[in-house]
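Next come the chains, spelled out residue by residue.
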2 protein chains.
Amino acid sequence: MTLRLPTIHGITDLGEGREELQLEFSNGEHRVYRRQRARGNGAVVIVAVSEPGVVLLTREYACGLHRYELGLPRGRIDDGETPLQAANRELKEEVGFGARRLQVLRTLSLVPSYMDHVTHLVLAHDLYPERLAGDEPEPLEVLPWRLDALDQLMLCDEFSEGRALAALFIAREWLAHNPDAGSDA
Amino acid sequence: MTLRLPTIHGITDLGEGREELQLEFSNGEHRVYRRQRARGNGAVVIVAVSEPGVVLLTREYACGLHRYELGLPRGRIDDGETPLQAANRELKEEVGFGARRLQVLRTLSLVPSYMDHVTHLVLAHDLYPERLAGDEPEPLEVLPWRLDALDQLMLCDEFSEGRALAALFIAREWLAHNPDAGSDA
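What you see is a predicted model, and the numbers here were worked out from it, not measured in a lab.

Here is what the cut-offs are and how they apply
Residues numbered from 1 in each chain as written. Chains lettered and ligands numbered in written order. Predicted model: local features only at pLDDT ≥ 70, side-chain atom pairs only at ≥ 80, totals over all residues. Heavy atoms only, no water. Least-squares fit on C-alpha atoms with pLDDT ≥ 70 in both. Core = buried A, V, L, I, M, F, W, Y, C linked by side-chain atoms within 4.5 Å. Buried < 20%, exposed > 50% of the residue type's maximum accessible area, 1.4 Å probe, protein only. Contact = heavy atoms within 4.5 Å. Helix = DSSP H or I, 4+ residues; strand = E, 2+ residues; numbered from the N terminus. Expected span 1.5 Å × (residues − 1). Domains from an automatic or database assignment. Pairing = 2+ DSSP bridges. Axes fitted to C-alpha atoms, helices over the stretch in contact; angles between N-to-C directions. Phe/Tyr/Trp six-rings, centres within 6.5 Å; stacked < 30°, edge-to-face > 60°.

Trainee: Can you explain the relation of the copies chain A and chain B? Please cite residues and give values.
Mentor: Between chain A and chain B, the superposition needs a rotation of 180° and an axial shift of 0.0 Å, giving an RMSD of 0.0 Å. Taken together, the rotation and translation describe the operation of a two-fold axis. Scanning chain A for the C-alpha nearest the rotation axis identifies A:Ala166, at a separation of 2.1 Å.

This is the structure:
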């Protein structure tokens, strides 16, 4: 099967980051698709390993759903920051730890059919206590969670974000394949 | 730690589904948060088991990223449809199969801090060939993928959607805990 990208014959700006694309697919079919362009520099979601096999979850007010949600430390990348710098800053603001070693495992998309938003999945090791003042209205609850107990988290109503669940499973599988990643060697 | 929800003192409609909430947290802190209300009835993402341990991926043009993406069958729930009806229709439109047994494993959120969008994760078993005409401009490529090879998919640039990666891992773990789920018993 050929996967020649559709030709973009035109883009109409609809304001607020929305645009309409006039597309022609390789089979000659025409379609008008809408998409939402992201503002900013993307985001980070952080799997912070506090001890072997244990990572740090947060419980935070989620305005979209108007409820408290379990999830992972995360946030936007500020202007001038790398994804790793943003991850370390968010860790310090949200869970009160810095990390001596951080790495991007991959980038994740939100809704690739409609948005170009990207989130860098950052694995953080070798934590040390350090708190930075953030803009949180109240301290976040921090919960250590065993990676071998993801089956008890994955159907939990209170932990609903697909991106964060994916990050936990990916990190667990990656750590199983890279058992020396967490060591100081 | 108390988790008393913030009080909503007011909501300002910003148009296009956006609104601004005047919040007071339980510690007395005041904040103004924005959120995006979803239109429609939510969405479904489908893990379709074609044979034991094998599920069906799709490759489809993703307008948000202007590239072809590996992912899962998915779509919006039409007015009057249940999530299971929507899942079966999308399966027929996107991969050319119906399912005799479908169940919702859980609902997933996209960005709970900002959006109220929900996606129902549907597990589909006992497939049979049936194609419905959808609005796709070109047929989707369908790829069977072994669930025990998710480690080869999870870092693949071409499969980037967090929600779909979460769905695959959750379905794999759920099936491991419910080995009779796929049988006709």
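Trainee: Explain the nonpolar core residue by residue, including any values.
Mentor: Of all hydrophobic cores here, the largest spans 56 residues; its most connected members are A:Leu168, A:Ile170, B:Leu168 and B:Ile170. With near-sequence residues (within four places) excluded, A:Leu168 lies in contact with A:Val47, A:Val55, A:Leu57, A:Leu72, A:Leu147, A:Leu150, A:Leu153 and A:Phe159. Listed in part, the 14 residues of the second largest apolar core include B:Ile46, B:Ile77, B:Val95 and B:Val122.

Trainee: Would you mind going over the side chain of B:Thr58 in detail, with residue names and values included?
Mentor: All names here are of chain B. Residue position: Thr58 is located in strand 5 (residues 54-62). Residue classification places Thr58 among the buried residues on the basis of a relative accessible area of 2%. Those residues in contact with Thr58 that lie beyond four places of it in its chain are Glu69, Leu70, Gly71, Leu72, Pro73, Val95, Leu140 and Glu141.

Trainee: Give me the lowdown on helix 2 (residues 162-177) of chain A, citing residues and values where you can.
Mentor: A rise of 1.5 Å per residue sets the reference length of helix 2 of chain A, with its 16 residues, at 22 Å; its end C-alpha atoms lie 23 Å apart and thus fit the reference within 8%. The buried fraction of helix 2 of chain A is high, at 13 of 16 residues.

Trainee: Pulling in residues and values, what's your account of the domain arrangement of chain A?
Mentor: As far as domains go, chain A holds domain 1 (7-36) and domain 2 (43-177). Centre-to-centre, using C-alpha coordinates, domain 1 of chain A lies 34 Å away from domain 2 of chain A.

Trainee: Account for the sheet that holds strand 1 (residues 7-15) of chain B, with residues named and values stated.
Mentor: One key point about sheets: their strands pair by backbone hydrogen bonds, in either a parallel or an antiparallel sense. All names here are of chain B. Pairing in this open sheet of three strands is antiparallel, and the strands run 1-2-3 from one edge to the other. At either end of the open sheet lies a strand with only one pairing partner, and these are strand 1 and strand 3 (30-36). Sheet twist, expressed as the average angle between the axes of neighbouring strands with direction ignored, equals 20°. In terms of strand pairing, strand 2 (residues 18-24) meets strand 3 through seven bridges, oriented antiparallel. Pairing of Glu20 across the sheet is with Arg34, part of strand 3.

Trainee: Residue-level account of the packing of aromatic side chains, with values.
Mentor: As enumerated under the stated definition, the model contains nine aromatic pairs over all chains in all. Pairing A:Phe25 with B:Tyr61 gives two aromatic rings, centres 5.5 Å apart and planes at 90°, and the pair type is edge-to-face. Of this pair, A:Phe25 sits in the loop between strand 2 (18-24) and strand 3 (30-36) while B:Tyr61 sits in strand 5, on two different chains. By the burial criterion, A:Phe25 is buried, and B:Tyr61 matches it. A connected cluster of aromatic rings, assembled from ring pairs, spans A:Phe25, A:Tyr33, B:Tyr61 and B:Tyr68.

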